[in-house]
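# Fold and geometry: a report
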Amino acid sequence: MGDRFVSRGFVGRRPDSGGDTASRIPPGQYLTDDFPVLSAGPTPRIPLDTWEFTIDGLVSQPVRWSWAEFQALPAREWTVDISCVTKWTKLDTRWRGVSIDDLLAAADLDPRAQFLVAHSYGGYTTNLPLGEALNGQAFVAYEYGGAPLEPAHGGPARLVVPHLYLWKSAKWVRGLHLVERDEPGFWESLGYHNRGDPWREERYSGD
Amino acid sequence: MFDESTLDANAVAGELEVLFAVEMTAVVGKCAHCGNEAAVGTLRAYVNAPGVVLRCSICGEVVIAWAWTPTGGRVDRSGASWLGQPSGAAPSAAAPSEA
Amino acid sequence: MPPEPLVWQIATVSAIRGETERASSFTLSLPAWRPHRAGQHYDVRLTAADGYQAQRSYSIASPPAHTGVVDLTIERIPDGEVSPYFHDVLEVGDLVEVRGPIGGYFVWEPALGGPLLLVAGGSGVVPLMAMIRQRAAAGDTTPTTLLYSARDVDDLIYRDELDALAGDGLRVLPTLTRAHPPGWTGYARRVDEPMLAEVLAALGPDPLVYACGPTLLVETVAAGLVNLGVPPDRVRTERFGPSN
């Protein structure tokens, strides 16, 4: 390869390396105070009276909640740092929702279930090993920063898996499908890493 | 069905040409979801994402999507039943004319 | 002839011309120039010393007859990343990495005929200007109407040239959405369906339409024209995304 061309005087957006909080910024990421909106399609608008959330696949009995039923589930708050594979990290995001543990507890898992595939309104999918979703590591959020989650950020409800790149945190989530064998989701099928740990910079398949 | 973030496939015509080694926006395809037949240039593009997603202008489903990784580009075109060069007879096809 | 692969090349900025307060035209000399079609664009890629890159697409404003060079007219987006570099940093003689020409759907040439309805919002006029310039350069008489939405009269890119080209079957209809000078007799509102109906009625049946601009404007145009009976396959669109 020859010398790479450099545009005279171009610096791009000055990345914020985090200052005092640098130890909380995963490698290759920069800090942002914004909440950039990424999406593989138009923002779905799901009326709450038709919204539903389903757990199916390897369970003894599929479970379905309406919005009102979902609101009645035990809720808690999480304050977490989130990292997008497009290289921004946002600290101390505050969410309210229901843990995956509490959701799965209602469904009576088949012991063969090892993975889950999150399905969203609009057709998006992403996959997770069950072990990445349990013990309070992941939740379905319907409030962000003390207010109902906006549609642009995945409302009425989104999956949040804060310890993995944000494409795993499926916006507009409508259900979890439990499977025995891993099934790559939308971006995983196109060459993104199957696990996506920002601290290991697992951006692409093979990283 | 489409919101303000929507672009047209023309916005990513350069990436398409690199991926397929041919100018793609004048190529005609059939949506595998709804059967609509139209030029790739009619597809709606979503680019604020880890990759690029092209959706059918009629039904909104994904027709072509791709992402770039350090080892190259990977395309999923399973949302297209077929893709083909427009016939010279199609009046709206705008086929290149250089011999 | 097999297509040549689309590759990056290093162009030289050979001229910069202010068009409006916010838009300038940058003439790029290309070592591997290829003839383009009106409506096509170039991709521009900027690279920082640490390898960070930003890429955008900009429409070609110049007609294909200008060999060896292309003009890109670029609006400065205040919180943008690439357009401020063009306006605030680039000087004549600087180098810039580009690839193109790109696109084969949002293109027009005289052989495609008309009547031609061109609808522009803001800098969406750029690829349409390439069509108008090509039409003029070829001595083509396709009946053509440019409906051009801008904030105010000073925001109209190519205003003098459009005034000069009008006639010979070309109508130029600006519509000013924020402010208009005293005595203004043109449209003074956002493009809407009644406006499109008036323009269509004067243009004749079965128009070929190119609409380029912010997504909401293009959406209004595309939906309005279909309501007015224009077949969807006669309407080609280029959406910019949110207006700024």
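Residues numbered from 1 in each chain as written. Chains lettered and ligands numbered in written order. Predicted model: local features only at pLDDT ≥ 70, side-chain atom pairs only at ≥ 80, totals over all residues.

## Considering the overall build of chain A
A count of helices and strands for chain A gives three helices and 11 strands. Starting at the N terminus and ending at the C terminus, chain A contains elements arranged as β-β-β-α-β-β-α-β-β-β-β-β-β-α. Since a compact globule built from 207 residues should have a radius of gyration of about 17 Å, the 18 Å found for chain A is in line with a globular shape. Going through the 207 residues of chain A one by one, you find that 38% of them count as buried. (Helix = DSSP H or I, 4+ residues; strand = E, 2+ residues; numbered from the N terminus. Rg over C-alpha atoms; globule rule 2.2 N^0.38 Å. Buried ≥ 20, exposed ≤ 12 C-beta atoms within 10 Å, placed from the backbone.)

## Here's the deal with the overall build of chain B
Secondary structure assignment for chain B yields one helix and eight strands. If you list the helices and strands of chain B from N to C, you get β-α-β-β-β-β-β-β-β. Taken across its 99 residues, chain B has 47% of its residues classed as buried. Intrachain contacts of chain B at a sequence separation of at least 6 include 45% that bridge at least 24 residues. (Contact = placed C-beta atoms within 7 Å.)

## Considerations on the sheet that holds strand 5 (residues 69-75) of chain C
Residue and element names in this part refer to chain C. Strand order in the open sheet formed by six strands is 4-3-6-1-2-5, with antiparallel pairing between adjacent strands. With one partner strand each, in any of the chains shown, strand 4 (53-59) and strand 5 form the two edges of the open sheet. The mean angle between the axes of side-by-side strands here comes to 40°, regardless of whether they run parallel or antiparallel. For strand 1 (residues 9-18) and strand 2 (residues 23-29), the ladder comprises six bridges, and the chain directions are antiparallel. (Pairing = 2+ DSSP bridges. Axes fitted to C-alpha atoms, helices over the stretch in contact; angles between N-to-C directions.)

## Regarding the interface of chain C and chain A
Each partner contributes residues to the interface: chain C has 13 residues there, and chain A has 10 residues. Here the side of chain C that touches chain A is built from residues that sort into nine nonpolar, one polar and three charged. (Nonpolar A, V, L, I, M, F, W, Y, C, P; charged D, E, K, R; others polar.)

## A look at the pairing of strand 6 (residues 62-69) of chain B
All names here are of chain B. A large share of strand 6 lies buried, amounting to six of its eight residues. Pairing of strand 5 (residues 52-55) with strand 6 involves four bridges; the strand directions are antiparallel. The partner of Arg55 across the bridge, within strand 6, is Val62. Once strand 5 ends, the chain turns through six residues before running back antiparallel as strand 6, passing Gly60 with a positive phi of about 80°. Note that strand 6 and strand 7 (residues 72-76) share five bridges and pair antiparallel. Within strand 7, the residue paired with Trp66 across the bridge is Val75.

## Some thoughts on the interface of chain C and chain B
The partner chain B presents 23 residues to the 23 residues of chain C that form the contact. Among the secondary structure elements, those contributing two or more residues to the side of chain C that touches chain B are strand 6 (95-102), helix 5 (215-227) and strand 11 (235-239) of chain C. The biggest single contributor to the side of chain C that touches chain B is strand 11 of chain C, with three residues. Of the residues in the side of chain C that touches chain B, the class split is 11 nonpolar, six polar and six charged.

## What to know about helix 5 of chain C
Residue and element names in this part refer to chain C. Taking 1.5 Å of rise per residue, the 13 residues of helix 5 would be expected to cover 18 Å, and the 18 Å separating its terminal C-alpha atoms lies within 8% of that figure. Those residues of helix 5 lying buried are Thr215, Leu217, Val218, Thr220, Val221, Ala222, Gly224 and Leu225. Tucked inside the fold, the buried residues of helix 5 contact strand 7 (116-121), strand 8 (144-150), helix 4 (193-203), strand 10 (208-213) and strand 11. The positive-phi residue at the C-terminal boundary of helix 5 is Gly229, with phi of around 95°. (Expected span 1.5 Å × (residues − 1).)

## Side note on helix 2 (residues 125-137) of chain C
Because each turn of an α-helix spans 3.6 residues, side chains separated by three or four positions end up pointing in the same direction. All names here are of chain C. In a regular helix each residue adds 1.5 Å, so 13 residues correspond to 18 Å; helix 2 covers 18 Å between its end C-alpha atoms and thus fits that length. Extensive coverage of helix 2 is indicated by the burial of 11 of its 13 residues. Within helix 2, the full set of buried residues consists of Val125, Val126, Pro127, Leu128, Met129, Ala130, Met131, Ile132, Arg133, Gln134 and Arg135. Of the residues flanking the end of helix 2, it is Gly139, one or two places downstream, whose phi is positive at about 70°.

## Points about the environment of Pro110(C)
All names here are of chain C. As for its placement among the helices and strands, Pro110 is situated in the loop between strand 6 and strand 7. Here the alpha-carbon distance between Pro110 and Ala138, two residues 28 residues apart in the chain, equals 7.9 Å. Setting aside anything within four residues of it in sequence, one finds Pro110 in contact with Arg135, Ala138, Asp140 and Thr142.

## Section: the sheet that holds strand 1 (residues 7-8) of chain B
Pairing is antiparallel in the open sheet, where five strands are placed in the order 1-4-5-6-7 (chain B). The open sheet has two edge strands with one neighbour each: strand 1 and strand 7 of chain B.

## Concerning the pairing of strand 8 (residues 139-144) of chain A
Residue and element names in this part refer to chain A. By the criterion of burial, strand 8 is predominantly enclosed, with five of the six residues buried. Taken together, the five bridges between strand 5 (residues 88-99) and strand 8 define a ladder with antiparallel strand orientation. In the sheet register, Arg96 faces strand 8, and the bridge partner there is Glu143. Taken together, the two bridges between strand 8 and strand 9 (residues 147-148) define a ladder with antiparallel strand orientation. Opposite Glu143, over in strand 9, you have Pro148 as the bridge partner.

## Here's the deal with the confidence of the model for chain B
Residue and element names in this part refer to chain B. Put simply, chain B has an average pLDDT of 89, and 87% of its residues get 70 or more. Taken element by element, chain B is modelled with least confidence in strand 7, mean pLDDT 94, and with most confidence in strand 5, mean pLDDT 98. We note a pTM of 0.93 for the whole complex and an ipTM of 0.91 for its interfaces. (pLDDT = per-residue confidence, 0-100.)

## Things to note about the environment of Leu162(C)
With respect to the helices and strands, Leu162(C) occurs in helix 3 (residues 159-165). The exposure class assigned to Leu162(C) is partly exposed, which follows from the 18 C-beta atoms found within 10 Å.

## Overview of unusual backbone geometry
The omega angle of the peptide bond from Gly155(A) to Pro156(A) is 10°, so this bond is cis rather than trans. Tracing the backbone shows Pro156(A) in the loop between strand 9 and strand 10 (158-160). In this chain, Gly114(C) is followed by Pro115(C) through a cis amide linkage whose omega measures -5°. Considering the arrangement of structural elements, one finds Pro115(C) in the loop between strand 6 and strand 7. For Lys87(A), which is not glycine, the phi torsion reads 95° and is therefore positive. Looking at the secondary structure, you find Lys87(A) in the loop between strand 4 (76-83) and strand 5.

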